[in-house]
Amino acid sequence: MTSKMQRPPQEDFSLKETKPHLGGGKVSGDKLTSTYDLVEQMQYLYVRVVKARDLPGKDVTGSLDPYVEVKLGNYKGTTRHFEKKSNPEWSQVFAFSKDRIQASVLEVTVKDKDVVKDDFVGRVLFDLNEIPKRVPPDSPLAPQWYRLEERNGNKVKGELMLAVWMGNQADEAFPEAWHSDAAAVSGADALANIRSKVYLSPKLWYLRVNVIEAQDLIPSDKSRFPEVFVKAILGNQALRTRVSMSKTINPIWNEDLMFVAAEPFEEPLILSVEDRVVPNKDEVIGRCAIPLQYVDRRLDHRPVNTRWFNLEKHVMVEGEKKEIKFASRIHMRVCLEGGYHVLDESTHYSSDLRPTAKQLWKSSIGVLEVGVLSAQGLSPMKTKDGRATTDAYCVAKYGQKWVRTRTIIDSFAPKWNEQYTWEVFDPCTVITVGVFDNCHLQGDKSGGARDSRIGKVRIRLSTLETDRVYTHSYPLLVLHPTGVKKMGEIHLAVRFTCSSLVNMMHMYSQPLLPKMHYLHPLTVSQLDNLRHQATQTVSIRLSRAEPPLRKEIVEYMLDVGSHMWSMRRSKANFFRIMGVLGVVISVGKWFDQICNWKNPITTVLIHILFLILVLYPELILPTIFLYLFLIGIWYYRWRPRHPPHMDTRLSCADAAHPDELDEEFDTFPTSRPPDIIRMRYDRLRSIAGRIQTVVGDLATQGERLQSLLSWRDPRATALFVIFCLVAAVVLYVTPFQAVALLTGFYTLRHPRFRYKLPSVPLNFFRRLPARTDCMM
């Protein structure tokens, strides 16, 4: 408590609770009474332009290139135009934000596209006071035909089918509509890049290739023993087995290679058996391609059947590639693993822990709803026409579902007010919400521009009370080479609704990952490589969507660089360890004060408690649990009121040295000059030396325990064995309570009966041998 009092959190980086007017309805308790209830309602004027008929010809030829202009005050939206068509169909929706309406009349005009000046065909006027309101889930308003009229009000030939209504952002037309607040953006590509979208991660599988053996290989040089290995390629992933120990034409490997495969399977698995002719030259003996659609899928640890595959070889005959089939074969077990969860996120921030195979999924335990309300005080991210600007959008990721809000053009305080829902299968998961600056408002003309990160928020569902609406403003913190910087705040409304409390509580007794991770665990290096491949696969697939969810966005949301060395992160983890050990150390100090009679009253009370527990040993466990219960109830008063958020002090981001930050943002491999690398290398060696010493000390204590009975020191083991025999005899004939009382009173004896020198058992333990004397 004292450290918290001395170091209050900076107000600038803290979480702030807010009281927004959500859903346009009233808050009753923690629940709201409206359907679209986790966002503030935004009113829009919607205009659906469907089609026109019998439009008059305007050119000399009597033809018409019609389009529609929808105008409200200073805002003007246009449909695409058609060449020489008098009955065009547009089916486009326009949305005008009510906050920005500065007119009382809506004007919908049909025009003829011309090279010099577009001709007026006819128009329809609407008084804004007469426009009906629509509240979802009401059915959409039916469009109707309106006669076109001249500017003077006279009717002209031609009709326009329209629907005009007032609605909010819950309207089905909202995502695909042309928005008046994005009027500066033109072109279909650019408009697609600013609309809200939902993306799904590809379904990922682990592909296990168990290379067993090959038969009847035909190396080109038969005068030497072949040194054969197998190379396997899947997309951009390449792995190889070790060189077979049996240097014959029938080599054996029995080695597993693991890949990440994504549905739909596009590339086949390509295997090549190669012979290392000389150290840097490999010769292909044979190849085979295996389409993944036909590979066996398994849900548990039961082995699938092995198969023999024919190897083929290509040779060049008169400049053409010719395929030669021969008797060489390779024996393998290839399967898609459905029982694992393919880790594409950091294990600390996973949003999904289900196995790949749907048959193994358990039923959902609840629903997560997130309202992305707004942001305030965003930093300028780029310069446009000599003016600083930010075009912000949000991306939220939970499970396989990614959502992207629309981009609010040129605003440091954008209001999105979009609500999204996810199914929850495990409460111990994390949702990540990131804010980005859109650098693709010109569509494909943006070149190699990258969307800039403004910051992100992580919320662990298990820290949320069920059915409660959390409305908080979260600081958006980004670590730059110059230090940690607040880029603004994002305002979210979050609700976790539990469908079955029993199922959710049962989840706490289940393993975090699917059973296969424990029955047939993958190695740490395998998991690291597979996670890297999974994130690459997800980012490639999502960047191929339309509009793309770009690689830099996906990698930032999935914490791709979290495994890289960071001096700052190492310090933070050290302080976290010290914080955990601090509790143990403080309990040890408290017990030492009792033993040394610093407070005689407390020590006497401990003697009495100790006496009761020894005389009535059946009270020991009930007393421990009662104390834990009382401590838990006592701490209830200081329970967290807000969801946890990124802490700059905990991360050591507020006081990081500039050189440490420069090292963290350095490329891999490094791009810094040799003298800086030498200094950093020396610093890394010094830190690693300290870690090495601590780990070595822990190993030494463990080895001393082992050497009690290992006879490495025959005299020490003999003494210990004799002591065990004597102790066994004494404890057999002496009541346990008497032994416990003597031990306890000896430990709690008064300081005048204590000696400064270490005790005999401690001296004996420290003299025991460890394997340190065998270290080089």
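Per an unreviewed UniProt entry, the protein chain carries the name C2 domain-containing protein and comes from Anisodus tanguticus. Quoted straight from UniProt, the Subcellular location (unreviewed entry) entry for the protein chain says "Membrane". Under the heading Sequence similarities (unreviewed entry), UniProt records this for the protein chain: "Belongs to the MCTP family."

1. Comments concerning the overall build of the protein chain
Looking only at helices and strands, one finds 14 helices and 32 strands in the protein chain. In terms of overall size, the protein chain is more extended than a compact globule, its C-alpha atoms giving a radius of gyration of 36 Å where 776 residues would be expected to give roughly 28 Å. Reported as C-alpha extents along the three principal axes, the dimensions of the protein chain are approximately 120 × 90 × 55 Å. Of all 776 residues assigned to the protein chain, the portion counted as buried reaches 42%. Carbon and sulfur atoms make up 58% of the accessible area of the protein chain, which amounts to about 43800 Å² in all. Taken together, the 103 basic and 86 acidic charged side chains of the protein chain have centroids lying 6 Å from each other.

2. Digging into the sheet that holds strand 13 (residues 197-200)
One open sheet holds the five strands; their spatial order is 13-27-26-29-30, and the pairing between them is antiparallel. Of all strands in the sheet, those bounded by a partner on one side alone are strand 13 and strand 30 (452-460). Taken pair by pair, the neighbouring strands of this sheet meet at an average axis angle of 20°, ignoring direction. Pairing between strand 13 and strand 27 (residues 401-404): four bridges, direction antiparallel. Bridging across to strand 27, Y199 finds its partner in W402.

3. Some remarks on the sheet that holds strand 28 (residues 415-424)
Sheet architecture is open: five strands sit in the order 1-31-32-23-28, paired in antiparallel fashion. Of all the strands in the sheet, just strand 1 (16-17) and strand 28 have a single pairing partner and so form its edges. In this structure, strand 23 (residues 366-376) lies alongside strand 32 (residues 483-498), joined through 10 bridges in antiparallel fashion. Considered in strand 32, the bridge of S374 is made with H491.

4. Looking at the confidence of the model for the protein chain
Across the protein chain, pLDDT averages 84, with 92% of residues at or above 70. Per-element confidence in the protein chain ranges from a low mean pLDDT of 39 for helix 1 (residues 2-6) to a high of 95 for strand 26 (residues 392-398). Within the model, the stretch residues 25-34 combines pLDDT values under 50 with 18 contacts to residues more than four positions away or in other chains. Under a pLDDT of 50 for its full length, residues 315-319 has, in the predicted model, six contacts with residues more than four places off or in other chains.

5. Overview of the layout of surface pockets
In this structure, the second largest pocket spans a volume of roughly 740 Å³. Taken together, 33 residues form the lining of the second largest pocket, with L353, R354, P355, W361 and K362 sitting closest to its centre. Looking at the lining of the second largest pocket, the elements that each hand over two or more residues are strand 28 and helix 4 (516-519). Per-element tally for the lining of the second largest pocket: the top contributor is strand 28, with four residues. Here the residues of the lining of the second largest pocket sort into 17 nonpolar, eight polar and eight charged.

6. Here's the deal with the UniProt feature "transmembrane region" (unreviewed entry) in the protein chain
Residues annotated in UniProt with the feature "transmembrane region" (unreviewed entry) correspond here to residues 574-591, 603-636 and 718-748. The distance separating the terminal C-alpha atoms of residues 603-636 is 28 Å; by composition the span is 85% helix and 0% strand. For the annotated span residues 718-748, helix accounts for 90% and strand for 0% of the residues, and the straight-line distance between the end C-alpha atoms is 31 Å.

7. Some remarks on the pattern of salt bridges
Taken as a whole and assessed by the stated rule, the structure comprises 36 salt bridges. The partner of R495 in a salt bridge is D37, and the shortest N-O contact between them spans 2.9 Å. A residue pair is termed long-range when its members are at least 10 positions apart, and R495 in strand 32 and D37 in the loop between strand 3 (31-32) and strand 4 (43-53) qualify at 458 residues. We classify R495 as buried; its relative accessible area is 8%. For R208, the salt bridge goes to D256, with nearest N and O atoms at 2.8 Å. With a gap of 48 residues between them, R208 in strand 14 (residues 204-215) and D256 in strand 17 (residues 252-262) connect regions that are remote in the sequence. Among the residues examined, R208 registers a relative accessible area of 12% and is labelled buried. The exposure class assigned to D256 is partly exposed, which follows from its relative accessible area of 34%. Three or more residues joined by partner-sharing salt bridges are found here, namely R208, D256, R298 and E337.

Basis of the calculations
- Residues numbered from 1 in each chain as written.
- Predicted model: local features only at pLDDT ≥ 70, side-chain atom pairs only at ≥ 80, totals over all residues.
- Heavy atoms only, no water.
- UniProt positions renumbered as here; feature names shortened; annotations may be inferred.
- Helix = DSSP H or I, 4+ residues; strand = E, 2+ residues; numbered from the N terminus.
- Rg over C-alpha atoms; globule rule 2.2 N^0.38 Å.
- Buried < 20%, exposed > 50% of the residue type's maximum accessible area, 1.4 Å probe, protein only.
- Areas by Shrake-Rupley, 256 points an atom, 1.4 Å probe, with all protein chains shown as cover.
- Lys, Arg positive; Asp, Glu negative; His and termini not counted.
- Charge placed at Lys NZ, Arg CZ, Asp CG, Glu CD.
- Pairing = 2+ DSSP bridges.
- Axes fitted to C-alpha atoms, helices over the stretch in contact; angles between N-to-C directions.
- pLDDT = per-residue confidence, 0-100.
- Contact = heavy atoms within 4.5 Å.
- 1 Å grid on protein atoms, 1.4 Å probe; cavity = no way out; pocket = protein on both sides within 12 Å on 5 of 7 lines; lining within 4 Å.
- Points joined across faces, edges and corners; volume = space filled by probe spheres on them.
- Nonpolar A, V, L, I, M, F, W, Y, C, P; charged D, E, K, R; others polar.
- Salt bridge = Lys/Arg side-chain N within 4 Å of Asp/Glu carboxyl O.

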